[in-house]
Amino acid sequence: MTLRNRFLLVTTAFVLLIAIGAGVITALTLERDDRRNTEGRLVVTAQIVTQLSVAYVDRETGQRGYLIAANPTFLEPYDRGRADARRLISDLARLSGTGFEKKLSSVTAAAAEWDRNAERTITARRAGKTVDPAALSVGKSRFDALRSRIVQLQAAVHAVSKQAASATAQTRNQINAALIAMFVSALAGLAVVAALVRRWVTVPVREIGGAVRRVRAGSLDEAVPQIGPPEIAGLARDADEMRIRLSEMALDADRARESIEQNATVVLTLRENLRPDVGDLPPGWSVAADIRAAEGLVAGDCADVARLDEHTVAVLVVDISGHGAVAGILALRCKELLRSAIALGTEPGEALESTAGQLGALGDETFLSALVMVIDIDDGSIRYANAGHPPALLCRADGGVVWLSPTGPIIGPFTSSWSTGHATLGPNESIVVYTDGIIEARHGGELFGPERLARLVGESDTNDARAIVQRLLDEVEAFTPGRLQDDATVVVICRPFGQGRTPS
Amino acid sequence: MEQHLNGDAELRPAVFVRSDDPDGLPVLVARGEIDVYTSPDFRRELAALVAGDAKRVVVDLAAVDFIDSSGLGVLVGALKRLRERDGSIVLRGMTPSTKKVFDITGLTNLFSTEP
């Protein structure tokens, strides 16, 4: 049974108990009032009977006085008593329902008999006749009979009054007993309610609350007891289901953390593999490369400077559209394919073509730009191929600049071919290969741009590639408030002054 | 039908409006900067245009200040879908800076262009 119905039942029982008690007390009170009224009427009846007795005594005294002295003065109490007696008997008759009708009739009958005798004797006396002693004797006996009847009436009224007083007292006692019984019942009811509240609410809530607190403290394996009435048990069931969900979520969180820990190792390994690899160059040559990722640890760019043999150096820069681990994996794959092709002596343009073929179809919106460059370190001659990549910057010793523009489109969207371009890196000259994350860095509506790049390189010491890379990346980061919008990669190679020979 | 979409209005404003040109070709007019932040809107609007029956759709870039590789990727993806039914994308009103991006990446020849 629900807690609501239980309390409804208890409240109904309690109200019923109070209602019964109130009904009993009301009935007893009405009865008491009725008896008090009866008692009051009997008191009045007794008083009237006494007054009636006095009235007849006065009449009898007046009669006897007149008969002896023939003085009309004695008839005054006789006549007044008659009027009083009539009024009092009328009053007694009006107080009907008291059970004295027969006795009252007996009194009035006796009174009538005495009255006839008294009237005859008074009439005879008025006529001057001597009153017959026999008549006087009859009158006396009739008055005694009348008094006797009045005394009987008084005794009866007194007896009934006594009974009525006793009944009233009994009713009063019954009312008091009922009040006490009701009070005791109310106390007992309250005690029962308190016990039921404890059993139905306090105890289950205490036990459920204890279990919930233990769950809160971390004991997710401890079930919340589903006890008590349906409402409280339902609440406990919800809490227990929440505990189970929390437990599952904690398990999922543990698994996710383990997965992240495992993936972190993969990401760090990937990042390590994408880190610009700069091989050994002859003394005097300066080379440096660096990448700043736009998102997380892994960029979609990669760069590589590798010594192919004692005469040649290969430079690879790849930029995948997008960034993050997925782009990084594609960048790594592309770099390995290009490196392998170049290591086999393939011309840069053909290396791009073979790489594009081996990469196959990329995603709908995925493409990459790449710049492959092979530098002869003896004479500075350059063979390069540029697949939709921002033009590499060749800074001349005289301050001029040459841009090594694309020799074909980006790799990915559609089948294409790439030609191989030629240039020369003279003594005291440098070449800068970079990704669009450098020149497309924005501040408001302004682009970092290739001109700013060329000016910064022109202002730098052309023999310190690391300083140039560092400065360019610092300038780009300073130019762009907050995080970089795209991965930024720079490779710089500086050829020392007066070393080697010029290409024939 | 016209529909207006806004990217981050404070930092990277971009607006894409779909309509039809006088020849009945569906047109997507782009304004502002198309970059990694606004490309999702660009992709959704262009996909809605490509989802129709038209073989040729026009992308008006006259009011585009900047487009990066994510914007180019959206255009390339849409072009691939259109080419499956021998369709094409017309790039209209490219500014010099936008055209330079298309030239460097070699994408200019893949799209039809109009001044």
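On a predicted model such as this, the values are computed, not experimentally measured, just so you know.

The next thing to look at is the overall build of chain A. Scanning chain A from terminus to terminus reveals 10 helices and 13 strands. Here chain A has a C-alpha radius of gyration of 66 Å; the compact-globule value for 504 residues is 23 Å, and the former is much larger. Taking the principal axes of the C-alpha coordinates as reference, chain A spans close to 200 × 45 × 40 Å. Relative to its full complement of 504 residues, chain A shows a buried share of 42%. Considering only contacts within chain A whose residues lie at least 6 apart along the sequence, 70% involve residues at least 24 apart.

Domains assigned within chain A are domain 1 (3–195) and domain 2 (276–494). On a C-alpha basis, the centroid separation for the pair domain 1 of chain A and domain 2 of chain A is 134 Å.

A few words on the nonpolar core. All names here are of chain B. Counting residues in each nonpolar core, the largest one holds 30 residues, and the members touching the most others are Phe-42, Leu-46, Leu-61, Leu-75, Ile-89, Leu-91 and Phe-102. For this core, the secondary structure elements donating two or more residues are strand E2 (14–20), strand E3 (26–34), helix H1 (39–50), strand E4 (56–67), helix H2 (69–83), strand E5 (88–92) and helix H3 (96–105). Broken down by element, this core gets its largest block of residues, seven residues, from H2. In this structure Leu-61 touches Ala-30, Ile-34, Leu-91, Arg-92, Gly-93, Met-94, Thr-95, Thr-98 and Phe-102, once residues within four positions along its chain are discounted.

Chain A puts 26 residues into the contact, and the matching count from chain B is 25 residues. In total, chain A and chain B occlude about 1,900 Å² of area from one another, counting both sides; carbon and sulfur atoms represent 57% of this. Three residues stand out in chain A for area buried against chain B, namely Glu365(A), Phe414(A) and Arg442(A), and they jointly supply 34% of the buried area on that side. For the pair chain A and chain B, the number of links is four salt bridges. The salt bridge partner of Asp364(A) is Arg81(B), with a shortest N-O separation of 3.6 Å. Run the count over chain A and chain B and you get six residue pairs in polar contact (both at pLDDT 80 or more). When its residues are assigned to classes, the side of chain A that touches chain B shows 11 nonpolar, nine polar and six charged.

Our focus in this paragraph is the state of the cysteines. Two cysteines, two sulfur atoms, one covalent bond between them: this is a disulfide. One pass over the full model with this rule turns up zero disulfides over all chains. Looking at Cys302(A), it has no disulfide partner, and the nearest cysteine sulfur is the one in Cys334(A), 6.7 Å off.

Take the sheet that holds strand E8 (residues 401–404) of chain A next. Residue and element names in this part refer to chain A. Overall, antiparallel pairing links the five strands, which are arranged E2-E13-E10-E7-E8 in an open sheet. The sheet terminates laterally at strand E2 (286–292) and E8, the two strands that pair on one side only. Ignoring which end each strand starts from, the neighbouring axes of this sheet average 15° apart. Across three bridges, the pairing between strand E7 (residues 392–395) and strand E10 (residues 430–434) is antiparallel. The residue bridging Cys-395 from the neighbouring strand is Ser-430, located in E10. Sitting on the sheet, helix H9 (residues 449–459) is in contact with E7, E8 and E10, with an inclination near 35° to E7.

All names here are of chain B. It is the contact of H1 with H2, at a shortest axis distance of 10 Å, that shows an interaxial angle of 15°. Of the possible angle classes, the one that applies to H1 and H2 is roughly parallel. Where H1 crosses over H2, the two elements pack in a sense that is right-handed. Contacts from Ser-39, Phe-42, Arg-43, Leu-46 and Val-50 of H1 reach H2 at Ser-70, Gly-71, Val-74, Leu-75, Ala-78, Arg-81 and Leu-82. When grouped by side-chain class, the residues that make up the contact of H1 with H2 number seven nonpolar, three polar and two charged.

All names here are of chain A. One open sheet accounts for six strands, arranged E1-E3-E4-E5-E6-E9; its pairing is mixed. Strand pairing shows two members of the sheet lacking a second neighbour, strand E1 (277–278) and strand E9 (421–424), which therefore form its edges. In the sheet, strand E5 (residues 368–376) pairs with strand E6 (residues 381–387) via six bridges, with the strands oriented antiparallel. Opposite Ala-370, over in E6, you have Ala-387 as the bridge partner.

Take unusual backbone geometry next. Residues and elements named next belong to chain A. With a phi angle near 50°, Ala-70 is a residue other than glycine that sits in the positive phi range. With respect to the helices and strands, Ala-70 occurs in the loop between helix H1 (3–69) and helix H2 (75–94). Taking the relative accessible area as the measure of exposure, Ala-70 reaches 32% and is therefore partly exposed.

All names here are of chain A. For the structure shown, the criterion picks out 33 salt bridges over all chains. The salt bridge partner of Arg-214 is Glu-222, with a shortest N-O separation of 2.5 Å. Residue Glu-222 is classed as partly exposed on the basis of its relative accessible area, which comes to 26%. Of the charged contacts in the structure, one is a salt bridge between Glu-336 and Arg-339, with a shortest N-O distance of 4.0 Å.

Working note: α-helix, 3.6 residues per turn, so residues spaced by three or four point in the same direction. Residues and elements named next belong to chain A. In this model, helix H5 (residues 230–274) (45 residues) spans 63 Å end to end at C-alpha, consistent with the 66 Å of a helix rising 1.5 Å per residue. Of the residues making up H5, those classed as buried are Ile-232, Ala-233, Gly-234, Ala-236, Ala-239, Asp-240, Arg-243, Leu-270 and Leu-274. Buried residues in H5 make contact with H1, helix H4 (133–216), E2, strand E3 (301–307) and helix H6 (325–343).

Bringing the environment of Asp79(A) into the picture now. Within the secondary structure, Asp79(A) sits in helix H2. With 17 residues separating them in the primary sequence, Asp79(A) and Gly62(A) have C-alpha atoms 8.4 Å apart.

The share of residues in chain A with pLDDT of 70 or more is 97%, and the mean pLDDT across the chain is 88. When mean pLDDT is taken per element in chain A, E6(A) scores highest with 97 and E1(A) scores lowest with 74.

You can see Leu17(A) is positioned in helix H1. Sequence separation between Leu17(A) and Ser185(A) is 168 residues; the distance between their C-alpha atoms is 7.9 Å.

Now for the pairing of strand E4 (residues 312–320) of chain A. Residue and element names in this part refer to chain A. Burial of E4 is extensive: nine of the nine residues sit out of reach of the surface. Where burial is concerned, the two faces of E4 agree: the one with Thr-312, Ala-314, Leu-316, Val-318 and Ile-320 and the one with Val-313, Val-315, Val-317 and Asp-319 are both buried. The pairing of E3 with E4 spans seven bridges and is antiparallel. In the strand pairing of E4, Asp-301 is matched with Asp-319. As consecutive antiparallel partners, E3 and E4 are separated by four residues. When E4 meets E5, the two strands line up antiparallel, connected through nine bridges. Counterpart to Ala-314 in the pairing with E5 is Val-374.

What counts and how
Residues numbered from 1 in each chain as written. Chains lettered and ligands numbered in written order. Predicted model: local features only at pLDDT ≥ 70, side-chain atom pairs only at ≥ 80, totals over all residues. Heavy atoms only, no water. Helix = DSSP H or I, 4+ residues; strand = E, 2+ residues; numbered from the N terminus. Rg over C-alpha atoms; globule rule 2.2 N^0.38 Å. Buried < 20%, exposed > 50% of the residue type's maximum accessible area, 1.4 Å probe, protein only. Contact = heavy atoms within 4.5 Å. Domains from an automatic or database assignment. Core = buried A, V, L, I, M, F, W, Y, C linked by side-chain atoms within 4.5 Å. Buried area = accessible area lost by both parts, 1.4 Å probe. Salt bridge = Lys/Arg side-chain N within 4 Å of Asp/Glu carboxyl O. Polar contact = N/O pair within 3.5 Å; in protein donor to acceptor, adjacent residues only side chain to side chain. Nonpolar A, V, L, I, M, F, W, Y, C, P; charged D, E, K, R; others polar. Disulfide = S-S within 2.5 Å. Pairing = 2+ DSSP bridges. Axes fitted to C-alpha atoms, helices over the stretch in contact; angles between N-to-C directions. Parallel < 35°, antiparallel > 145°, perpendicular 65-115°, else oblique. Left-handed = near helix turned anticlockwise from the far one by under 90°. Expected span 1.5 Å × (residues − 1). pLDDT = per-residue confidence, 0-100.

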